[in-house]
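Structural features, examined
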Amino acid sequence: MTIVRNSEMRRELTVGEVAERSGVAVSTLHFYEAKGLISSNRSRGNQRRYPRSVLRRVAVIKVAQRTGIPLAEIQAALTVLPDDRPLTVQDWARLSESWHEQLNERIASLMALRDHLTSCIGCGCLSLRECPLRNPHDVLSMEGAGPRLMDATEEDGQP
């Protein structure tokens, strides 16, 4: 973090202003900064000052989080984008394209779970004859504990 002059601070926002305008708590902004998702400068009084471009960056982070993208992946994607300007339509297109296939896979998995939800919990422990995801003789126990049937694919011979 660098110290900025008063003339430069007029173009920057305080942490409270960013929180108010973005709808994100101050503590969340501090967390994002600690994780390297956003950055600030420091005033002579050692107060955080954010460039206005941080507002769009925070919006992108929130949208990505709502789609289930882990913060580590968001951070990695944002590192290739410049900090000194708002994200552009082209920047967003690159980011969203990189997450598109991952979201499609998650949607397919959720749809499969929804379709089998009433007949099986997919835990790997059921051996009921009626269960479309049954586990006769508990063979999945050899793979370890926990649910795994819903993660199986058609190629694996599972539904």
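Presented here is a report on the structure given in the accompanying data block. What you see as residue numbers is a count from 1 along each chain, following the sequence as written. Confidence filtering applies because this is a predicted model: local features only for residues at pLDDT of at least 70, side-chain atom pairs given and counted only at 80 or more, and all residues used for totals across whole chains, interfaces and linings. Excluded from the side-chain calculations are hydrogens and water; all other atoms, namely the structure's heavy atoms, are used.

**As for the pairing of strand S3 (residues 48–51)**
Here three bridges tie strand S1 (residues 12–14) to S3, and the two strands are oriented antiparallel to one another. Along S3, the bridge assignment pairs leucine 13 with tyrosine 50. One ladder, built from two bridges, connects strand S2 (residues 41–42) with S3; its direction is antiparallel. Its bridge partner being in S3, arginine 42 is matched across the sheet by arginine 48. Taken together, S2 and the strand that follows it, S3, pair antiparallel across an intervening segment of five residues, in which asparagine 46 is found at a positive phi of about 65 degrees. Pairing between two strands is assigned when DSSP locates at least 2 bridges connecting them. Elements are defined by DSSP. Helices are runs of H or I of four residues or more, strands are runs of E of two residues or more, and each kind is numbered from the N terminus.

**Observations concerning the environment of glutamine 47**
Turning to its location among the elements, glutamine 47 is positioned in the loop between S2 and S3. Placed 33 residues apart in sequence, glutamine 47 and threonine 14 show a C-alpha to C-alpha distance of 7.8 Å. Only heavy atoms matter for contacts: two residues are in contact if any of them lie within 4.5 Å across the pair. Glutamine 47 has contacts with Asn41 and Arg42, leaving out every residue within four places of it along the chain. N or O atoms closer than or at 3.5 Å make up a polar contact, with two conditions inside protein: a donor-capable atom paired with an acceptor-capable one, and, for residues adjacent in sequence, both atoms drawn from side chains. A distance of 2.9 Å separates polar atoms of two side chains, one belonging to glutamine 47 and the other to arginine 49.

**Focus: the packing of helix H4 (residues 54–66) against helix H5 (residues 71–78)**
An axis is simply a line fitted to the C-alpha atoms; with a helix, the fit covers only the stretch in contact. Between two such axes, the angle follows the N-to-C directions and lies from 0 to 180 degrees. It is at 10 Å that the axes of H4 and H5 come closest, and there the two elements cross at 140 degrees. Judged by the inter-axis angle, H4 sits oblique to H5. In the crossing of H4 with H5, the sense of the turn from one axis to the other is right-handed. In contact with Arg57, Val60, Ile61, Ala64 and Gln65 of H4, H5 contributes Leu71, Ile74 and Leu78. If an angle is under 35 degrees, it is roughly parallel; if it is over 145, roughly antiparallel; if it lies from 65 to 115, roughly perpendicular; otherwise it is oblique. Two helices that cross are described as forming a left-handed crossing if the nearer one is turned anticlockwise from the farther one by less than a right angle, and a right-handed crossing if clockwise.

**A word on the nonpolar core**
Only buried Ala, Val, Leu, Ile, Met, Phe, Trp, Tyr and Cys residues count toward a nonpolar core, and they belong to the same one when joined by side-chain atoms within 4.5 Å. The rule is simple: take the accessible area with a 1.4 Å probe, protein chains only, and divide by the maximum for that residue type; under 20% is buried, over 50% is exposed, in between is partly exposed. The biggest cluster of nonpolar side chains holds 24 residues, and the ones touching the most others in it are Leu29, Ile38, Ile74 and Leu78. Residue contributions to this core peak at six residues, all from H4. Setting aside residues up to four positions removed in sequence, leucine 29 forms contacts with Val15, Val18, Ala19, Val24, Ile38, Tyr50 and Val58.

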